[in-house]
Amino acid sequence: MFSIKLEYSERYKRLPTYIFVEIEQLISEKRKKGVDFIPLGIGDPDLATPDLIVNELIQQVKKPENQKYPSSMGEEDFREAVARWYKVRFKIDLDPKEEISNVIGGKEGVANITRAFINPGDIVLCPNPGYPVYENGATKLCDADPYSIPLLAENNFLPDLEAIDTEILKKAKIMYINYPNNPTGAIITDKFLKKVSDYAQDYNFLIVHDNPYSEFTFGDYIAPSILQIDQNQVEINSSSKMFNMTGFRCGWVAGNKDVIKGLRKVKSQIDSGCPIFIQKAVIKGLNEYKSEKKPKIVEDTVKIYEKRRDILIENINDIGWNTVKPQATFYVWTQIPKKYSNISCMEFVKNLIEIGVIITPGTGFGKFGEGFVRFALTQPESRIKEAIERINMIIN
Ligand code: PLP
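Residues take numbers from 1 onward in each chain, read along the sequence in its written order. Side-chain atom pairs in this predicted model are given and counted only at pLDDT of 80 or more, local residue features only at pLDDT of at least 70, and totals for whole chains, interfaces and linings cover all residues. As a rule here, side-chain values come from all non-hydrogen atoms in the structure, and water together with hydrogens is ignored.

Draft legend 1. Spotlight on the side chain of Q60. Mapped onto the fold, Q60 is located in helix α3 (residues 51-61). Note on classification: 1.4 Å probe, protein chains only; a residue is buried when its accessible area is under 20% of the maximum for its type, exposed when over 50%, partly exposed between these limits. By relative accessible area, Q60 is classed as buried at 9%. At a separation of 2.8 Å, a polar atom in the side chain of Q60 contacts the side chain of E56. Helix and strand definitions follow DSSP, with helices as H or I runs of at least four residues and strands as E runs of at least two, each counted in order from the N terminus. Here a polar contact means two N or O atoms within 3.5 Å. Within protein one must be a hydrogen donor candidate and the other an acceptor candidate, and residues neighboring in sequence count only if both atoms are side-chain atoms.

Below you can see the structure in the form of structure tokens.
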């Protein structure tokens, strides 16, 4: 029998094991033994996509013209709907012909945007803790080097720009920022965006504002976009969280036309776009926006997460944790109880898997996440309460 000897590439070898895969393996072993799990790990909404969007999709998928290859940069009407959304939501003008590209979910945008601009050995500034794709899919897969910017509690989980070595800033080509932030739930003001934009101009790097939680905000806070401050930069957003559409895979990149041009060229050699009928369904959702205020289909979801957030915080603080309410996202980021400070957050999470509670260890988002865990508010209130009761039994 002929067998080939395969060697993984050096690039491949730099990728870490995706933390959720490791946790999934542990869970599947327990599941076989009959453990009833309460999954508060991965940020995948348990809520359904609004009927309005699903019904549109059903109509659109029946049309033969929507069953063909899409354009990888997005259909014209999709890009126009995204431009209209930026106008009503952020009061900014974008040209759908040159300043917007569709992506197959924000993740694809995060990973592919670097391919047009990054050379081996270049530096990409990545928040840590942060969405792992910045350091891996976007940076290491381009043979470039991530530079971790710590997001620390004492800085309200904002990057301390003054603390970054100026030699690093001079060499940096791209900086990812993500506010409302995963995993910390932190938010920003226009003032912060202005400061980052000034740094980007002084040191000549591109800011990629990854903004998939822009609509998941509580109270009076309205999340800004970097494009309101500086249209030399780009923003990534998607329908995944906004409309509970993680499985549909539809997003967009908007802003600097040279960046959009580069991304489109890269994409034209890699993918054939998000299905047309899905783009049409997302247009239906985007058109619900009449102002910066969330439309009912989004507000209904946000209210549910707000209630779950309050229940989780109240119950977890009652059993001795010290957790602050986030003003955005559907995550709660908190330090593990003091008496567990001698073990890693991964070990702590493994203890919770034993009792059927799944949360994510802070180090899943980078080394500066040590000591923290992230709860995703993706289960009904009763299950969140039950999870805290189970945690109480082992920690107290
Ligand atoms: N960026 C951040 C910070 C995320 O948390 C996620 C998903 O969890 C994404 C990007 C990707 O979202 P999607 O590809 O579903 O649009």
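Draft legend 2. Molecular detail of the site of the ligand. Close to the ligand lie 14 residues, the nearest being D210, Y213, S238, S240 and R249. At 2.7 Å, a side-chain N or O of N182 approaches an oxygen atom of the ligand. All accessible-area figures derive from a Shrake-Rupley calculation using a 1.4 Å probe, and residue coverage is judged against the displayed protein chains alone. Burial of the ligand by the protein chains amounts to 92% of its free accessible area of 400 Å². Looking at the shell around the ligand, the elements that each hand over two or more residues are α5 (106-112) and α8 (239-242). Amino acids outside the nonpolar list (Ala, Val, Leu, Ile, Met, Phe, Trp, Tyr, Cys, Pro) and the charged list (Asp, Glu, Lys, Arg) are all regarded as polar, and Gly is one of them. The residue inventory of the shell around the ligand, partitioned by class, reads four nonpolar, six polar and four charged. We call a residue near a molecule or strand whenever a single non-hydrogen atom of that residue lies within 4 Å of it.

Draft legend 3. Region of the structure containing the nonpolar core. Nonpolar cores are built from buried Ala, Val, Leu, Ile, Met, Phe, Trp, Tyr and Cys residues. Side-chain atoms within 4.5 Å join them into one set. Core analysis: the biggest nonpolar cluster contains 97 residues, and Y86 and F375 have the highest contact counts within it. The element that contributes the greatest number of residues to this core is helix α11 (residues 296-318), accounting for eight residues. Any two residues having at least one pair of non-hydrogen atoms within 4.5 Å are treated as being in contact. Residue contacts for Y86: discarding those within four places in its chain leaves K91, I92, L94, S225, L227, E235, N237, W252 and A254.

Draft legend 4. Geometry of unusual backbone geometry. With an omega dihedral of -5 degrees, the bond running from Y179 to P180 counts as a cis peptide bond. Counting through the fold element by element, P180 comes out in the loop between β5 (172-177) and α7 (190-203). A cis geometry characterises the amide bond from N182 onward to P183, with omega recorded as 15 degrees. One can find P183 in the loop between β5 and α7. Residues other than glycine seldom take positive phi values, yet N156 does so here, at roughly 55 degrees. Within the element layout of this structure, N156 appears in the loop between β4 (145-150) and α6 (166-171). For N156, a relative accessible area of 56% puts it in the exposed group. One non-glycine residue, N244, adopts positive backbone phi at about 50 degrees.

Draft legend 5. Just the pattern of salt bridges, in detail. Whenever a carboxyl oxygen of Asp or Glu lies within 4 Å of a side-chain nitrogen of Lys or Arg, that contact is scored as a salt bridge. Enumeration over the complete set of coordinates arrives at 26 salt bridges. A salt bridge links D93 to K87; the nearest nitrogen and oxygen atoms lie 3.0 Å apart. On the accessibility criterion, D93 (54% relative accessible area) is exposed. By relative accessible area, K87 is classed as partly exposed at 41%.

Draft legend 6. Examining the sheet that holds strand β8 (residues 251-255) more closely. A pair of strands is labelled paired if DSSP reports no fewer than 2 bridges between them. Strand order in the open sheet formed by seven strands is β2-β8-β7-β6-β5-β3-β4, with mixed pairing between adjacent strands. Taken across any chain shown, the strands that pair with only one partner, and hence form the sheet edges, are β2 (100-103) and β4. Sheet twist, expressed as the mean angle between neighbouring strand axes with direction ignored, is 20 degrees. In this sheet, strand β7 (residues 234-238) lies alongside strand β6 (residues 206-210) in parallel orientation, the contact comprising three bridges. Bridged to D210 within β7 is I236. Under this scheme, a helix contributes an axis fitted over its contacting stretch, all axes are lines through C-alpha atoms, and angles between N-to-C directions fall in the 0 to 180 degree range.

Draft legend 7. How the structure looks around the packing of aromatic side chains. Pairs were defined over the aromatic rings of Phe, Tyr and Trp, the Trp ring being its six-membered one, requiring ring centres within 6.5 Å. Orientation was assigned from the angle between planes: stacked under 30 degrees, edge-to-face over 60, tilted for the rest. A complete count under the given rule lists 23 aromatic pairs for this structure. Measuring from ring centre to ring centre gives 5.5 Å for W85 and F90, while their planes differ by 85 degrees; the resulting arrangement is edge-to-face. Accessibility classification places W85 together with F90 in one group, the buried group. One aromatic cluster in this structure is built from F78, W85, Y86, F90, W252 and Y289.

Draft legend 8. Local environment of the side chain of N182. Counting through the fold element by element, N182 comes out in the loop between β5 and α7. Residue N182 is classed as buried on the basis of its relative accessible area of 5%. Of the polar contacts made by the side chain of N182, one reaches the side chain of R374; its length is 2.7 Å. Once residues lying within four places of it in the same chain are set aside, the contact partners of N182 are G130, Y131, Y213, Y331, F365 and R374.

Draft legend 9. Spotlight on the packing of α11 against helix α13 (residues 381-395). Running from amino to carboxyl end, α11 crosses α13 at an angle of 20 degrees, the nearest separation of the two axes being 10 Å. It follows that α11 is roughly parallel to α13 by the angle criterion. Seen along the crossing, α11 lies across α13 with a hand that is right-handed. Along the contact surface, α11 presents K307, R308, I311, L312, N315 and I316, while α13 presents E381, I384, K385 and I388. Tallied by class, residues from the contact of α11 with α13 come to five nonpolar, one polar and four charged. Working definition: roughly parallel below 35 degrees, roughly antiparallel above 145 degrees, roughly perpendicular at 65 to 115 degrees, and oblique for all remaining angles. The hand of a helix crossing depends on one turn: near helix anticlockwise from the far one by less than a right angle means left-handed, and clockwise means right-handed.

Draft legend 10. Broad picture of helix α10 (residues 276-286). Counting buried positions along α10 yields nine of 11 residues, so the element is predominantly enclosed. Of all the residues in α10, the buried ones are I276, I278, Q279, K280, A281, V282, I283, G285 and L286. Those residues of α10 that are buried lie in contact with α3, α4 (76-90), β2, α8, β8 and α11.

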